[in-house]
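Observations on the three-dimensional arrangement
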Amino acid sequence: MFGARCLLRALRSCSSAPCPRHKPSAKLSVRDALGAQNASGERVKVQAFPFKYKERHPLEYLRQYPHLRCRTNVLGSILRVRSEATAAIHSFFKDSGFVHIHTPVITSNDCEGAGELFQVKPSSKIKVPEENFFNVPVFLTVSGQLHLEVMSGAFTQVFTFGPTFRAENSQSRRHLAEFYMVEAEISFLESLQDLMQVMEGLFKTTTMTVLSNCPEDVELCHRFISPGQKDRLEHMLKNNFLIISYTEAVEILKQASQNFTFTPEWGADLHTEHEKYLVKHCGDIPVFVINYPLALKPFYMRDNEDSPQHTVAAVDLLVPGVGELFGGSLREERYHFLEQRLARSGLTEAYQWYLDLRRFGSVPHGGFGMGFERYLQCILGIDNIKDVIPFPRFTHSCLL
């Protein structure tokens, strides 16, 4: 479980080869259990290692020891899959002709408009003038999307893969304060169908690469953590993802025999319980939900001009066991439409630079983001998002 043979060899080596510059005052020996002796041979009590050899510990228990849990078989497998999935995602985009962009971690933009931001300020030990260090309030990024839109005007197809931050006061199984996002922007994209094709291709290609390159690690998770996940994953991969409209989704939910905590109605956001029901209703196949009400989505999403409903060309991909995995949209490339949306939101002054992207020449384009930890939950069947990231950060917890 912990590379015991290598550990034993190292300990024997340590006890038999004292440092040449100092007289040894203690030595390690291995008998029934790992222990320590002082110079006179008396046994010294040491703190017990928190994980027992050959005992399967719950993931909740391992979570208490973020500095040690990576030594267990299960976390080792999860993190190797994470590494392989990272490489597979980069390969997918490279093979598809995308340019990798390093978007900033510190930003003055609130891309989602949700206000759940970590503000960045200099340490009190650093003396700065009365004005802010950057002259404007700055935050840890919630998304690299707006910066990718800048770059898509030069490189056509771009992506980024890095940490993002949300100051959500939640300890749920779905949320982290720091997590990783895969985001892409594509120029000359005129339909949600084309965007969904890239999203489905990313999911399936990455997953098949992971299954091919580290089958033993995936098998460990499927066997001991989520029995039946292997069949569910194969079912997802062999079927084409389904597509329904937001309006159709609301009608399905209204006709459901299940009692929801949040009553489904047109114009209200879909909650996790709704998302999971929709996936089950569709036969546990990932399903794209498209064309959401304009009032639910950020200013940059393209207006469908479909009064009286008034929707935008937005898309979410819902997957079994997780709910929303991808979120994307066509972007509003028409200058006057965007100008009006910003004016209604009171954001015109802050986003003049964003209007410039249209003023000085733009094309139809779109993009999406995928939560990387949720992707790992989906393919491995891990229930809690805190178990698929090396060092989870969430409200009231930032160990190490």
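Throughout what follows, the structure given in this document is the object of discussion.

Calculation criteria
- Residues numbered from 1 in each chain as written.
- Predicted model: local features only at pLDDT ≥ 70, side-chain atom pairs only at ≥ 80, totals over all residues.
- Heavy atoms only, no water.
- Pairing = 2+ DSSP bridges.
- Helix = DSSP H or I, 4+ residues; strand = E, 2+ residues; numbered from the N terminus.
- Contact = heavy atoms within 4.5 Å.
- Axes fitted to C-alpha atoms, helices over the stretch in contact; angles between N-to-C directions.
- Patch = residues over 30% accessible without salt bridge, like charges linked within 9 Å, V, L, I, M, F, W, Y side chains within 5 Å.
- Areas by Shrake-Rupley, 256 points an atom, 1.4 Å probe, with all protein chains shown as cover.
- Salt bridge = Lys/Arg side-chain N within 4 Å of Asp/Glu carboxyl O.
- Buried < 20%, exposed > 50% of the residue type's maximum accessible area, 1.4 Å probe, protein only.
- Core = buried A, V, L, I, M, F, W, Y, C linked by side-chain atoms within 4.5 Å.
- Polar contact = N/O pair within 3.5 Å; in protein donor to acceptor, adjacent residues only side chain to side chain.
- Phe/Tyr/Trp six-rings, centres within 6.5 Å; stacked < 30°, edge-to-face > 60°.
- Lys NZ or Arg CZ within 6 Å of the ring centre and 35° of its normal.

Spatial ordering of the open sheet is given by E5-E7-E6, a layout of 3 strands whose pairing is antiparallel. Strands with a single pairing partner mark the edges of an open sheet, and in this sheet they are strand E5 (106-107) and strand E6 (119-120). Sheet topology note: the E5/strand E7 (residues 138-140) ladder contains 2 bridges and is antiparallel. In the strand pairing of E7, Ile106 is matched with Leu140.

Glancing now at the sheet that holds strand E13 (residues 323-330). As summarised here, the arrangement of the 8 strands in space is E4-E8-E9-E14-E13-E12-E11-E10, forming an open sheet in which the pairing is mixed. Edge positions in the open sheet fall to strand E4 (99-100) and strand E10 (242-245), since each of these has one partner strand only. In terms of strand pairing, strand E11 (residues 287-293) meets strand E12 (residues 311-319) through 6 bridges, oriented antiparallel. Looking at E12, one finds that Tyr292 is bridged to Val312. The sheet strands contacting helix H8 (residues 246-254) are E10 and E11, and the helix crosses E10 at an angle near 85°.

A contiguous nonpolar patch, built from Val105, Ile106, Phe133, Phe134 and Val136 and spanning about 420 Å² of accessible area, is present on the exposed surface. Secondary-structure assignment places Val136 in the loop between E6 and E7. Its relative accessible area of 38% is what places Val136 among the partly exposed residues.

The biggest cluster of nonpolar side chains holds 60 residues, and the ones touching the most others in it are Phe93, Phe203, Phe326, Phe368, Tyr375 and Ile379. When near neighbours in sequence (up to four residues on either side) are disregarded, Phe203 contacts Met236, Leu237, Phe241, Leu325, Phe326, Tyr375, Cys378 and Ile379. Judged by nonpolar contacts, the second largest core, of 30 residues, contains Leu146, Ile252, Ala314 and Tyr354.

This next bit is on the side chain of Thr311. As for its position among the elements, Thr311 is in strand E12. Judged by its relative accessible area of 2%, Thr311 falls in the buried class. In terms of polar contacts, Thr311 uses its side chain to reach the side chain of Asn304, at 2.9 Å. Within polar-contact distance, the side chain of Thr311 engages the side chain of Asp306 at 2.4 Å.

Inspection of every chain in the model, using the stated rule, returns 14 salt bridges. Salt-bridge contacts for Lys297 lead to Asp316; the nearest nitrogen and oxygen are separated by 3.7 Å. Taken together, the positions of Lys297 in the loop between E11 and E12 and Asp316 in strand E12 put the pair 19 residues apart, joining distant regions of the chain. Each member of the pair, Lys297 together with Asp316, is buried. For the salt bridge of Arg359 with Asp356, the shortest nitrogen-to-oxygen distance reads 2.1 Å. In this pair, Arg359 and Asp356 both sit in helix H11 (residues 352-359), 3 residues apart, roughly one turn of the helix. Given a relative accessible area of 36%, Arg359 falls into the partly exposed group. Residue Asp356 is classed as partly exposed on the basis of its relative accessible area, which comes to 28%. Each of Arg63, Arg69 and Asp387 takes part in a single network of salt bridges with overlapping partners.

All right, on to the environment of His222 then. Looking at where His222 falls in the secondary structure, it is placed in helix H6 (residues 215-224). Through-space distance from the C-alpha of His222 to that of Ile379 is 9.1 Å; in sequence the pair is 157 residues apart. When residues no more than four places from it in sequence are discounted, the contact partners of His222 are Pro227, Gly228, Gln229, Lys230, Leu233, Ile379 and Leu380.

The next thing to look at is helix H12 (residues 372-380). When you tally the buried positions in H12, you get 9 out of 9 residues, the bulk of the element. Buried residues of H12: Phe372, Glu373, Arg374, Tyr375, Leu376, Gln377, Cys378, Ile379 and Leu380, and no others.

Turning to the packing of aromatic side chains, a few remarks are in order. Scanning all chains against the criterion turns up 23 aromatic pairs. Ring geometry for Phe260 and Tyr277: centres 5.6 Å apart, planes at 90°, overall edge-to-face. Taken together, the residues Phe260 in the loop between H8 and helix H9 (272-281) and Tyr277 in helix H9 connect sequence positions 17 residues apart. Taking relative accessible area as the criterion, Phe260 reaches 14% and is therefore assigned buried. Between Trp353 and Tyr354, the aromatic rings sit 5.6 Å apart at their centres with planes inclined by 80°, giving edge-to-face as the arrangement. Residue Tyr354 is classed as buried on the basis of its relative accessible area, which comes to 0%. A connected cluster of aromatic rings, assembled from ring pairs, spans Phe161, Phe203, Phe241, Phe288, Phe372 and Tyr375. A cation sits over an aromatic face here: Lys297 above Tyr292, 4.3 Å from the ring centre. Its guanidinium or amino end placed over the ring of Phe394, Lys386 lies 4.8 Å from that ring's centre, counting from NZ or CZ.

Spatial relationships are all this shows, so hold off on functional conclusions.
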